[in-house]
Structure formats: C-alpha cells, structure tokens
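Each chain, written out:
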Amino acid sequence: MGAIVAFANQKGGVGKTTSAVNIAAALGKMGKKILLVDMDPQGNATSGVGISKKEIKKSVYEVLIGTASASDAVVATRFKNLSVIPSNIALVGAEIDLLEIEKREGCAKRALDTLRDAYDYIFIDCPPALSLLTVNAFVAADGLIIPMQCEYYALEGLSQLTGTVKKVRQHYNPKLGITGILLTMYNGRLNLTAGVVRELKKYYADKLFKEPISRSVRLSEAPSYGEPICYHEPYGKGALEYQAVAKELLARI
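Residues numbered from 1 in each chain as written. Predicted model: local features only at pLDDT ≥ 70, side-chain atom pairs only at ≥ 80, totals over all residues. Heavy atoms only, no water.

K.L.:
Tell me about helix 9 (residues 191-204), and name the residues and values.
P.N.:
In this model, helix 9 (14 residues) spans 20 Å end to end at C-alpha, consistent with the 20 Å of a helix rising 1.5 Å per residue. Within helix 9 the residues assigned to the buried category are Thr 193, Val 196, Val 197, Leu 200 and Tyr 204. Down the axis of helix 9, the buried side of the element spans an arc of 100 degrees, and every buried residue falls inside it. Projecting away from the buried face of helix 9 at angles above 90 degrees are the exposed residues Asn 191, Arg 198 and Lys 202. Where the residues of helix 9 are buried, they touch strand 6 (143-149), helix 8 (152-171) and strand 7 (177-184). (Helix = DSSP H or I, 4+ residues; strand = E, 2+ residues; numbered from the N terminus. Expected span 1.5 Å × (residues − 1). Buried < 20%, exposed > 50% of the residue type's maximum accessible area, 1.4 Å probe, protein only. Arc of directions from axis to C-beta. Contact = heavy atoms within 4.5 Å.)

K.L.:
Summarise empty space enclosed by the protein; cite the residues concerned and give the values.
P.N.:
Per the stated rule, a full pass over the model turns up one cavity of 30 Å³ or more. Roughly 50 Å³ of internal volume is contained in the largest cavity. Taken together, Val 37, Met 39, Val 60, Val 63, Leu 64, Ile 85, Ala 108 and Leu 112 form the lining of the largest cavity. Counting residues per element, the ones that place at least two in the lining of the largest cavity are helix 3 (60-65) and helix 6 (107-112). A total of three residues in the lining of the largest cavity trace back to one element, the largest contributor, which is helix 3. Residue composition of the lining of the largest cavity, by class: eight nonpolar, no polar and no charged. (1 Å grid on protein atoms, 1.4 Å probe; cavity = no way out; pocket = protein on both sides within 12 Å on 5 of 7 lines; lining within 4 Å. Points joined across faces, edges and corners; volume = space filled by probe spheres on them. Nonpolar A, V, L, I, M, F, W, Y, C, P; charged D, E, K, R; others polar.)

K.L.:
Describe the packing of helix 8 against helix 9, with residues and values.
P.N.:
Across the interface, helix 8 lies against helix 9 with an axial gap of 9 Å and an inter-helix angle of 25 degrees. The angle between the axes of helix 8 and helix 9 places the two elements in the roughly parallel class. The chirality of how helix 8 crosses helix 9 is right-handed. Between helix 8 and helix 9, the residues in contact are Tyr 152, Leu 155, Leu 158 and Thr 162 and Leu 192, Val 196, Glu 199, Leu 200 and Tyr 204, respectively. For the contact of helix 8 with helix 9, a count of residues per class yields seven nonpolar, one polar and one charged. (Axes fitted to C-alpha atoms, helices over the stretch in contact; angles between N-to-C directions. Parallel < 35°, antiparallel > 145°, perpendicular 65-115°, else oblique. Left-handed = near helix turned anticlockwise from the far one by under 90°.)

K.L.:
With reference to specific residues and values, describe helix 7 (residues 132-140).
P.N.:
With respect to burial, helix 7 is a largely interior element, nine of its nine residues being buried. Every buried residue belonging to helix 7 is among Leu 132, Leu 133, Thr 134, Val 135, Asn 136, Ala 137, Phe 138, Val 139 and Ala 140, and all of these are buried.

K.L.:
Now, about the nonpolar core: what can you tell me, with residues and values included?
P.N.:
Considering soluble globular proteins, one finds that nonpolar side chains tend to be buried as a cluster. Core analysis: the largest hydrophobic core is formed by 51 residues, its most contacted members being Leu 64, Ile 85, Ile 124 and Phe 138. It is helix 7 that provides the largest number of residues to this core, a total of seven residues. (Core = buried A, V, L, I, M, F, W, Y, C linked by side-chain atoms within 4.5 Å.)

K.L.:
Account for the layout of surface pockets, with residues named and values stated.
P.N.:
For the largest pocket, the calculated volume is near 280 Å³. Together, 21 residues line the largest pocket, and Gly 15, Lys 16, Thr 17, Thr 18 and Asn 44 are the ones closest to its centre. Listed by contribution, the elements that provide at least two residues to the lining of the largest pocket are helix 1 (16-29) and helix 2 (44-48). No other element matches helix 1, which puts five residues into the lining of the largest pocket.

K.L.:
Got a sec to walk through the environment of Asn 9? Specific residues and values, please.
P.N.:
Here Asn 9 shows up in the loop between strand 1 (3-7) and helix 1. Spatially, the C-alpha atoms of Asn 9 and Leu 190 are 23 Å apart, while their sequence positions differ by 181 residues. When sequence neighbours within four positions are dropped, the list of residues in contact with Asn 9 reads Val 14, Lys 16, Pro 127, Pro 128, Ile 146, Pro 147, Met 148 and Leu 161. Polar side-chain contacts of Asn 9 include one of 2.9 Å to the backbone nitrogen of Lys 11. A polar atom in the side chain of Asn 9 sits 2.8 Å from the backbone oxygen of Pro 147. (Polar contact = N/O pair within 3.5 Å; in protein donor to acceptor, adjacent residues only side chain to side chain.)

What follows is the structure in structure tokens.
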C-alpha cells in the first residue's frame with residue numbers, strides 16, 4: 001500500500017511545487033511508481049511535468065466534488081513511472097462547492113485511498129494557504145514534507161503550520177505527522193541562513209533533511225520546459241540534491 005505525502009507551506013514562493021515535482025520524478029527514475037496530485041488551482045505541478053492545463057479533461061476539481069473517480073483523472077506523463085492528477089483554475093470553485101458536501105474535509109482521502117495499492121507514493125502539492133483544499137490534503141496524508149526558506153518569516157509560518165497539523169490530527173487524522181522539513185533556496189554563506197538552521201535544529205533536528213536545496217537558475221527554468229530537473233539537467237547540482245532528498249525519503253517512509 002502506497003504512502004500519501006503532502007507538500008505544504010502556507011507561504012508562497014518557497015519551492016513547494018518544485019520540491020514535489022522533483023522528488024516525485026527522482027523517485028520515478030529510481031523505479032518507484034509515483035502519482036502526483038496537483039491540489040493547487042495555479043496548476044504549476046501540472047505544467048511542471050509537461051501537461052497542458054488547457055487540454056485537461058478531468059482534474060482534481062471533478063475528483064473532489066465527486067463527478068469523476070480518481071483513477072479516471074490520472075494522466076500519464078512522459079517521465080518514467082510518473083503520473084499526475086492535474087489541476088487548473090477550475091479548482092478555485094471547489095472551496096464553495098465542497099461546502100455542500102457532507103464530511104467535506106475527507107473528499108480527497110476517500111478518492112485517493114482507492115489508488116493506494118496502485119502506487120508506491122502519492123504526493124499532494126498543496127496550495128499556498130491553510131484552506132479547505134489544504135485540510136483535505138492533510139486528512140488524506142500519512143505525512144507532510146514542509147519546504148521552507150531560511151528566513152525569519154519562514155519560522156513564524158512553520159509555527160502556524162504545525163498548529164494546523166495538531167488540529168487536523170486531533171479532529172480528523174490522528175496518524176498525520178511531519179515526515180520532513182526541506183530547506184530550499186539555500187545559501188550557506190549567509191549569516192541569516194545559519195541562524196535559521198540553528199533554530200530549526202533546536203526544535204526539529206530529527207525532521208530536517210540532511211541535503212538542503214541550493215538556489216539554482218536551472219531549477220528555476222526547468223518548469224518552463226515542462227521538465228523535472230533530473231531530466232532537464234540530470235547531472236547538475238539541483239538534480240543531485242533532489243536525488244539525495246528522495247533517497248532519504250525512502251529511508252523515512
């Protein structure tokens with residue numbers, strides 16, 4: 001039975017989608033069967049694996065409101081062992097439509113549990129907000145990966161996020177935990193970076209991934225080609241860093 005992992009951070013621009021896409025692709029290259037679920041109305045994970053948002057026939061939106069099954073919405077990508085349930089701007093309406101559904105916080109779980117046996121890992125890319133879509137992802141997930149930058153506001157955001165995790169664990173999903181915290185856009189030469197890392201090690205030493213993800217032009221440009229970094233620049237620093245994180249994730253779950 002596959003593990004479901006949500007990539008979450010309510011702060012935007014922290015490399016959340018980049019991390020979800022690139023860890024998924026790295027694990028696919030390692031022979032693991034991966035499903036990437038794009039739960040963000042921006043649809044960046046969808047376009048990041050080369051799927052046109054304009055050509056989507058069934059998406060996460062239809063799955064959540066119950067007009068399509070999860071299996072019907074799965075789209076194979078051109079990358080090894082990697083499929084996606086895509087998203088587009090239609091997902092914006094899900095927040096309102098879900099209000100009419102009983103036990104609305106469990107819609108994603110009910111849908112994705114039907115696919116657990118078909119994949120080694122199911123990754124959910126959450127929107128950059130603590131919304132009903134994010135709560136759905138948290139209820140469905142076995143664990144969370146939290147990508148974050150090394151800056152002061154990121155520490156504040158992490159505190160808010162862990163508070164939400166506690167509430168979801170208390171009310172909906174007692175097994176939910178933090179699988180790992182991934183440092184992104186890392187620059188070890190900055191004093192601020194060193195200070196944030198010290199703070200994180202005080203409280204989350206066992207959760208930090210050993211390999212941080214450095215700032216990289218190649219990582220930034222890969223989505224414009226619809227390619228994960230391990231295909232866009234297979235032997236570059238970004239690809240090797242995400243490969244190391246993927247290997248560590250295998251050891252954690």
